[in-house]
Amino acid sequence: MRRLRVVLLAAALAIAAPVLPALAHHGWAWTEDGFFELTGIVKEVFVGNAHATLDLEVEGVVWRVELAPPGPTMAAGFTEDTVKPGDEVVALGNRSLDPNEKRMKAVRITTGGKAYDIYPARVPAN
Amino acid sequence: MEALLGSLEQLALIKALKTSFFAYPIVNALHILAIGALVTAVLLMDLRVIGVIRSLDEQPFVRLLRRVALWAFALAVLTGALMFAVRATEYAGMPLFWIKMGLIGLAGVNFVAFSLLRQPSAKRVLAGVSITLWPLVLLAGRFLGFVL
Ligand code: HEM
């Protein structure tokens, strides 16, 4: 039984170790502290589980803008009908710590002259 | 293919799941429950076959755990398919999703081979393959949400 315990522990560690750095993508730990603004053209919008996303094309590069889960996103007034491909959008939020990753998490989306506060508590004071 | 995936996303049940507050996390939780049962059953079964666990008779132990593993796998497929359908086009375009499906396929072939073979030494080798493959499926599944 002692041998079994050692084998199981080793297996658990082997499985857990590579997963730990990846936990970054939940919450804000994977993003920069300072705010970042991205202006782009909508390629695709998804408002659904597990979280909503907006794909924005900026100078030929497609960025993935993460929003909130569908509940809070829609509560902010932002639905899949709010934007359509081709619309111009300004996303304010925090970009990935990895400068090569074209990814950010938005706290506010501005489009058609209207601002949608996806994470109202995190929107910087004007 | 694209059209098929798109119509999957448009099913009434799937559209409800897409923006639901409770249903999606529950389906997700059932997927995790199934995976926990599946990987545990597989690990114990393989360790018994390999000979690390010796305190229980192999036949009834393996027979019980195989039943658990098959039911757990069925639940994982059902709940996994539901989550897949919510964003079918997106998942279908992700190499990692197909790596996960490929690993499940390999594990399935390994399972069939294990069931057909009689030679104990060969069965031990296949149990070793199984003990490696299933945790890899789990890893691929967990990473999916982070590359999405
Ligand atoms: C045909 C079978 C399966 C399909 C179609 C499927 C599909 C999915 C989908 C769509 C997700 C959601 C990914 C996301 O977060 O965006 C998921 C999550 C996951 N899957 Fe599967 N899956 C299947 C079987 C399995 C099996 C057999 C395992 C493990 C042995 C597994 C492990 C996982 C894990 C660990 C997660 C992450 C759960 C979480 O963190 O919330 N899946 N799967």
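This one's a predicted model, so the numbers in the text were calculated from it and none came from an experiment. (Residues numbered from 1 in each chain as written. Chains lettered and ligands numbered in written order. Predicted model: local features only at pLDDT ≥ 70, side-chain atom pairs only at ≥ 80, totals over all residues. Heavy atoms only, no water.)

A.B. asks: Just give me the short version of the coordination of the iron atom of the ligand, but keep the residues and values in it.
C.D. replies: Residue and element names in this part refer to chain B. Those protein atoms acting as donors to the iron atom of the ligand are His-31 (NE2) and Lys-100 (NZ), and they sit at 1.8 to 2.1 Å. Coordination at the iron atom of the ligand comes from six donor atoms whose angles at the metal span 86 to 178°, giving a geometry best classed as octahedral. Highlighted residues: His-31 in helix α3 (residues 23-50) and Lys-100 in helix α6 (residues 95-116), separated in sequence by 69 residues. Across the pair, exposure class does not vary: His-31 and Lys-100 are buried alike. (Donors = N, O, S within 2.8 Å, 3.2 Å for Na, K, Ca; no water. Tetrahedral: all angles 85-135°; square planar, octahedral: opposite > 155°, others 65-115°. Helix = DSSP H or I, 4+ residues; strand = E, 2+ residues; numbered from the N terminus. Buried < 20%, exposed > 50% of the residue type's maximum accessible area, 1.4 Å probe, protein only.)

A.B. asks: Explain the side chain of Arg64(A) to me, using residue names and the numbers behind them.
C.D. replies: Examined against the element boundaries, Arg64(A) turns out to sit in strand β3 (residues 61-66). Here the side chain of Arg64(A) touches Glu90(B) through a polar contact of 2.9 Å, side chain to side chain. (Polar contact = N/O pair within 3.5 Å; in protein donor to acceptor, adjacent residues only side chain to side chain.)

A.B. asks: Describe the pattern of salt bridges, naming the residues involved and giving the relevant values.
C.D. replies: By the definition in use, this model includes ten salt bridges over all chains. For Glu101(A), the salt bridge identified is with Arg103(A), shortest N-O distance 3.2 Å. According to the relative accessible area criterion, Arg103(A) is buried, its value standing at 7%. Among the ionic pairs, Glu90(B) bridges to Arg87(B), the shortest N-O distance being 3.9 Å. Ionic contacts of the salt-bridge type, sharing partners, join the residues Asp55(A), Arg64(A), Arg87(B) and Glu90(B) into one network. (Salt bridge = Lys/Arg side-chain N within 4 Å of Asp/Glu carboxyl O.)

A.B. asks: Go over the site of the ligand with me, naming the residues and quoting the values.
C.D. replies: Residue and element names in this part refer to chain B. Of all residues adjacent to the ligand, which total 23 residues, the nearest are Asn-28, His-31, Tyr-91, Lys-100 and Arg-142. The side chain of His-31 places a nitrogen or oxygen atom 2.8 Å from a nitrogen atom of the ligand. Contact between the ligand and Arg-142: an oxygen atom at 2.7 Å from a side-chain N or O atom of the residue. For the shell around the ligand, the elements supplying multiple residues, two or more each, are α3, α4 (58-86), α6 and α7 (120-147). (Near = heavy atom within 4 Å.)

A.B. asks: Talk me through the side chain of Lys123(B); I want residue IDs and the actual numbers.
C.D. replies: All names here are of chain B. Along the polypeptide, Lys-123 turns up in helix α7. Buried and without a salt bridge, Lys-123 has Glu-58 as its closest oppositely charged side chain, separated by 6.9 Å. Here Lys-123 is in contact with Val-49, Phe-114, Leu-117 and Arg-118, once residues within four sequence places are set aside. (Lys, Arg positive; Asp, Glu negative; His and termini not counted. Contact = heavy atoms within 4.5 Å.)

A.B. asks: Got a sec to walk through the environment of Val62(A)? Specific residues and values, please.
C.D. replies: Residue and element names in this part refer to chain A. You can see Val-62 is positioned in strand β3. For Val-62, a relative accessible area of 40% puts it in the partly exposed group. For the pair Val-62 and Met-74, spaced twelve residues apart in sequence, the C-alpha separation works out to 23 Å.

A.B. asks: Go over the interface of chain A and chain B with me, naming the residues and quoting the values.
C.D. replies: Chain A puts 25 residues into the contact, and the matching count from chain B is 23 residues. Each partner contributes to the roughly 2000 Å² buried at the junction of chain A and chain B, and carbon and sulfur atoms together form 63% of this total. Viewed at the interface, chain B and chain A are joined by two salt bridges. In this structure, Lys18(B) and Glu80(A) form a salt bridge, with 2.6 Å as the shortest nitrogen-oxygen distance. Summed over the shared surface of chain A and chain B, the result is eight residue pairs in polar contact (both at pLDDT 80 or more). At the level of secondary structure, the elements contributing two or more residues to the side of chain A that touches chain B comprise α1 (2-19), β1 (36-46) and α2 (70-75) of chain A. Looking at the side of chain A that touches chain B element by element, the count peaks at seven residues for α1(A). Broken down by class, the residue content of the side of chain A that touches chain B amounts to 14 nonpolar, six polar and five charged. (Buried area = accessible area lost by both parts, 1.4 Å probe. Nonpolar A, V, L, I, M, F, W, Y, C, P; charged D, E, K, R; others polar.)

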